[in-house]
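Chain residues, written in single-letter form:
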Amino acid sequence: MVAHTTLGTVVEWLGLTLLTARAGSVDSSRSVRSVVVHDIADPPSVPTGAVVLGVGVQGECAIANLLRELAAREAAALIVREPVTVTPLIDELASRSGVVVLGLVRGASWLQVARMLDDRQVDDDGWSGGATEALDLFEVANSLSALLTTPVTIEDVSSHIVAFSADQAEADEARKASVLGHQVPARYNDPMVEAGVFRRLYAATAPIFVPSLADGIRPRAAMPVRAGAEVMGSIWAIVDEPLSESRATAMIEAASTAAIAMLRRRVASDASRQMRAALVGGLIDGGPAAVGTAGRMGGNVTGGCVIAAGIRGRRTAGHAAVSAELDRLANALRMWLHPELPESAVAVVDETVYAVIPAYRGDCLQLRQLRRLAEGFVQRAARHDEFVMAIGKPVVGVAAMGESRREADLGLRVLRTVTTVRQRVAVASDLQPQILLMQLSDLMAHENTTLSGPIAVLHAYDEQHQSALGETLHAWLDNFGDVAAAAAALHVHKNTFRYRLGRLVQIADIDLDDPEVRFQLMMQFRLSAPAFVR
């Protein structure tokens, strides 16, 4: 690890996946110079700026004693296995010594963490090598294929093909279809699920033999890929018989190497997602924070606009399925926008997908273009036809980006929750009437205000007499006083409708010839309807 690696870089890179700060504070600028594995029986020499892996170090006494030693040697951090109980003593020692205590997630391998920390190179912009992670897996597949003299693939737990050897021309039809589609087709995967192959595979510690289960599928050897106790995927090799001991050993070693590459791949993905979320979050907040964030983007950002997207209807905040769907849509939207708007940034922030479209000096954002791109995307989001998008107004000045975000948020809420609005894409300013009604409804709810007047009188009368006078008035207003159309909407005879209309005028004392009265009644119906879901 080179000298200008910093503790902040380490925590930023591995924090989402492997590490959590438990005691002390992370000095982001602190230099990290080496990785040391602590051996209780034979304590190693700890140089200044070391990250120490506390293998087997547990409990207050052991952690406290090691912190005292590391403080004297000016170490940068101590990593111990979760769960970590932070007592006042540990917290005080970590804060006073400057040695931050990091918790390592259960199931992660110490060897993998050491490798990831020790062999990672850093440049001026942060960790390098992220683009080569997929290449590492292809190298594993090709190396194992050469040893076994047979086609090899590496899959994740969802049966997505993440890497494959170069000799797939010799594979069977199932393998060729999987490689071409980067996913094992259901017609080949389902028989294995039904036969319990994956249940047996993920419990195995050595390669298993899988006989042919359907036409087009030759027998296979399969080996789980684990990072500690967590199964991250599997390696598959086309074979005609169970592997010999030497070939099985080669597959086991390949799985260990693949685990490190897949763990790196996840870390790179998590870190990239975190950086995108930080970038987008900083911009959509507006104000000085947005100006500072824009300064790190390069170029001369002079403004822009925000697009907010989400799923129509009620949803459970933080629900895993919803979060996964939003992540998928954010990734797809990023790819969709990039060809025409390469400077756009997309991320999930606060359970909403945001796209920030920056404007540079001399550029002029075209709402027509943004609407076209958004409509094209939602039409192709076939897996979730309730995905909706609202486009905020273009603003001049990065500090004003919060105004575009606020407008986009309001527009998205209308698209998501107002049942009378069925369009899936809208410029927020086009939804101003619905937004104003929604805000008025919010105000009434906040002030605990209930509707009164003629409509309240009619509702009370209907409840007492099992009548439909309120419904009659609503239909008459919605049809601009056309009795025939209103009666047809309620499936009643015109004479019956006229009788009800006369009754409600008497009961509620309404002057339907007064346009101001009609407007007020229509407004109250909109506010009392269940269209505005809070």
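Description of the structure in this document.

Turning to the overall build of the protein chain, a few remarks are in order. From N to C terminus, the protein chain includes 19 helices and 18 strands. In the protein chain, which comprises 534 residues, the proportion classed as buried is 46%. Here the contacts in the protein chain between residues at least 6 apart in sequence split such that 63% fall between residues at least 24 apart. For the protein chain, the exposed surface amounts to about 26000 Å²; the carbon and sulfur share of it is 53%.

For the coordinates displayed, the defined rule picks out ten salt bridges. When the shortest N-O distance is used, the salt bridge between Arg 96 and Glu 92 registers 3.0 Å. Here Glu 92 and Arg 96 lie together in helix H3 (residues 88-97), a separation of four residues that amounts to about one turn. Residue Glu 92 is classed as partly exposed on the basis of its relative accessible area of 44%. Across the pair Arg 371 and Asp 430 runs a salt bridge, and its minimum N-O distance is 2.8 Å. On the criterion of sequence distance, the pair formed by Arg 371 in helix H12 (residues 367-380) and Asp 430 in the loop between strand S18 (425-427) and helix H14 (432-446) is long-range, its members being 59 residues apart. Connected through salt bridges with shared partners, the residues Asp 285, Asp 350, Arg 405 and Asp 409 form a single ionic network.

For the rest of this paragraph, the subject is the sheet that holds strand S2 (residues 34-37). Two orientations exist for strands paired in a sheet by backbone hydrogen bonds: parallel and antiparallel. The five strands lie next to each other as S1-S5-S4-S3-S2, forming an open sheet whose pairing is mixed. Looking along the sheet, the strands with just one partner apiece sit at the ends: strand S1 (19-23) and S2. Neighbour-to-neighbour, the strand axes of this sheet turn through a mean angle of 30°, independent of strand direction. Relative to strand S4 (residues 77-81), helix H2 (residues 59-72) is tilted by about 160°, and along the sheet it contacts strand S3 (50-53), S4 and strand S5 (100-104).

Successive residues of a regular strand alternate their side chains across the two faces of the sheet. Two elements, strand S8 (residues 152-156) and strand S9 (residues 161-164), share three bridges in a ladder whose sense is antiparallel. Directly across from Ile 154, in S9, lies its bridge partner Ala 163. The turn joining S8 and S9, which pair antiparallel and follow one another in sequence, is formed by four residues; a positive phi near 65° is taken by Ser 159.

Judged by nonpolar contacts, the single largest core of 47 residues is most densely connected at Ile 79, Leu 117, Ile 154 and Ile 235. Among the elements that line this core, the one with the most residues is helix H9 (residues 245-284), at ten residues. The next biggest cluster of nonpolar side chains, apart from the first, holds 31 residues, and it includes Val 349, Leu 410, Leu 412 and Val 414.

Moving on: helix H18 (residues 494-508). When the terminal C-alpha atoms of H18 are compared, their 21 Å separation across 15 residues agrees well with the 21 Å that a helix rising 1.5 Å per residue should span. Three or more residues of H18 are buried, namely Phe 497, Leu 501, Leu 504 and Ala 508. Projected onto a plane normal to the axis of H18, the buried residues spread over an arc of 70° and lie on a single side. Every exposed residue of H18 that faces more than 90 degrees away from the buried side is listed here: Asn 495, Tyr 499 and Gln 506. Along its buried surface, H18 packs onto helix H15 (454-465), helix H16 (469-478) and helix H17 (483-490). With its phi angle positive at about 55°, Asp 509 sits one or two positions after the end of H18.

To continue, consider the side chain of Thr 293. Within the element layout of this structure, Thr 293 appears in helix H10 (residues 287-295). For Thr 293, a relative accessible area of 5% translates into the label buried. Polar contacts involving the side chain of Thr 293 include one to the main-chain carbonyl oxygen of Ala 289, which spans 2.9 Å.

This part is about the pairing of S4. For S4, the tally of buried residues reaches four of five residues, placing the bulk of the element in the interior. Pairing between S3 and S4: three bridges, direction parallel. Across the sheet, the residue bridging to Val 52 is Leu 78, located in S4. For the segment spanning S3, H2 and S4, crossover handedness is right-handed. As for the winding sense of the linkage, the β-α-β connection from S4 through H3 to S5 is right-handed.

Along the chain, Glu 82 connects to Pro 83 via a cis peptide bond; the corresponding omega equals 0°. The phi angle at Glu 351 is positive, at roughly 65°, despite the residue not being glycine. With phi around 55°, Asp 509 is a residue other than glycine that occupies positive phi space. By the element assignment, Asp 509 lies in the loop between H18 and helix H19 (515-528). Take Asp 509: its relative accessible area is 69%, and that puts it in the exposed class.

Attention shifts here to the environment of Leu 337. For Leu 337, the position within the fold is in helix H11 (residues 320-337). In this structure the C-alpha to C-alpha distance between Leu 337 and Ala 374, which are 37 residues apart in sequence, comes to 8.7 Å. Discounting chain neighbours no more than four positions away, the residues touching Leu 337 are Pro 342, Ser 344, Val 346, Ala 355, Ile 357 and Leu 373.

Attention shifts here to H15. Here H15 contains twelve residues, and its C-alpha end-to-end distance of 16 Å stays within 8% of the 16 Å for a straight helix at 1.5 Å per residue. Those residues of H15 that sit buried are Ile 455, Leu 458, Tyr 461 and Asp 462. Buried residues of H15 fall within an arc of 125° about the axis and therefore sit on the same side. Pointing more than 90 degrees away from the buried face of H15 are the exposed residues Glu 463 and Gln 464.

What follows covers the packing of aromatic side chains. Enumeration according to the criterion identifies five aromatic pairs in this entry. On the numbers, 5.2 Å between centres and 80° between planes, the contact of Phe 138 with Phe 164 is edge-to-face. Here the residue Phe 138 occupies a position in helix H5 (residues 133-148), and Phe 164 occupies one in strand S9, the gap between them amounting to 26 residues. Overall, the relative accessible area of 22% leaves Phe 164 in the partly exposed class. These aromatic residues form a ring-pair network of at least three members: Phe 198, Tyr 202 and Trp 236.

With the rule as written, the count across this model stands at two cavities of 30 Å³ or more. The calculated volume of the largest cavity comes to roughly 120 Å³. Taken together, Thr 153, Glu 155, Ala 174, Arg 175, Ser 178, Val 184, Tyr 188, Asn 189, Met 192, Phe 198, Arg 220 and Trp 236 make up the full set of residues lining the largest cavity. Every element with two or more residues in the lining of the largest cavity is listed here: S8, helix H6 (173-181) and helix H7 (186-194). Roughly 40 Å³ of volume is contained in the second largest cavity. Taken together, His 38, Pro 43, Pro 44, Val 46, Leu 66, Glu 69, Leu 70 and Arg 73 make up the lining of the second largest cavity. Broken down by class, the residue content of the lining of the second largest cavity amounts to five nonpolar, one polar and two charged.

Rules and cut-offs
- Residues numbered from 1 in each chain as written.
- Predicted model: local features only at pLDDT ≥ 70, side-chain atom pairs only at ≥ 80, totals over all residues.
- Heavy atoms only, no water.
- Helix = DSSP H or I, 4+ residues; strand = E, 2+ residues; numbered from the N terminus.
- Buried < 20%, exposed > 50% of the residue type's maximum accessible area, 1.4 Å probe, protein only.
- Contact = heavy atoms within 4.5 Å.
- Areas by Shrake-Rupley, 256 points an atom, 1.4 Å probe, with all protein chains shown as cover.
- Salt bridge = Lys/Arg side-chain N within 4 Å of Asp/Glu carboxyl O.
- Pairing = 2+ DSSP bridges.
- Axes fitted to C-alpha atoms, helices over the stretch in contact; angles between N-to-C directions.
- Core = buried A, V, L, I, M, F, W, Y, C linked by side-chain atoms within 4.5 Å.
- Expected span 1.5 Å × (residues − 1).
- Arc of directions from axis to C-beta.
- Polar contact = N/O pair within 3.5 Å; in protein donor to acceptor, adjacent residues only side chain to side chain.
- Right-handed = clockwise from strand over helix to strand, strands pointing away.
- Phe/Tyr/Trp six-rings, centres within 6.5 Å; stacked < 30°, edge-to-face > 60°.
- 1 Å grid on protein atoms, 1.4 Å probe; cavity = no way out; pocket = protein on both sides within 12 Å on 5 of 7 lines; lining within 4 Å.
- Points joined across faces, edges and corners; volume = space filled by probe spheres on them.
- Nonpolar A, V, L, I, M, F, W, Y, C, P; charged D, E, K, R; others polar.

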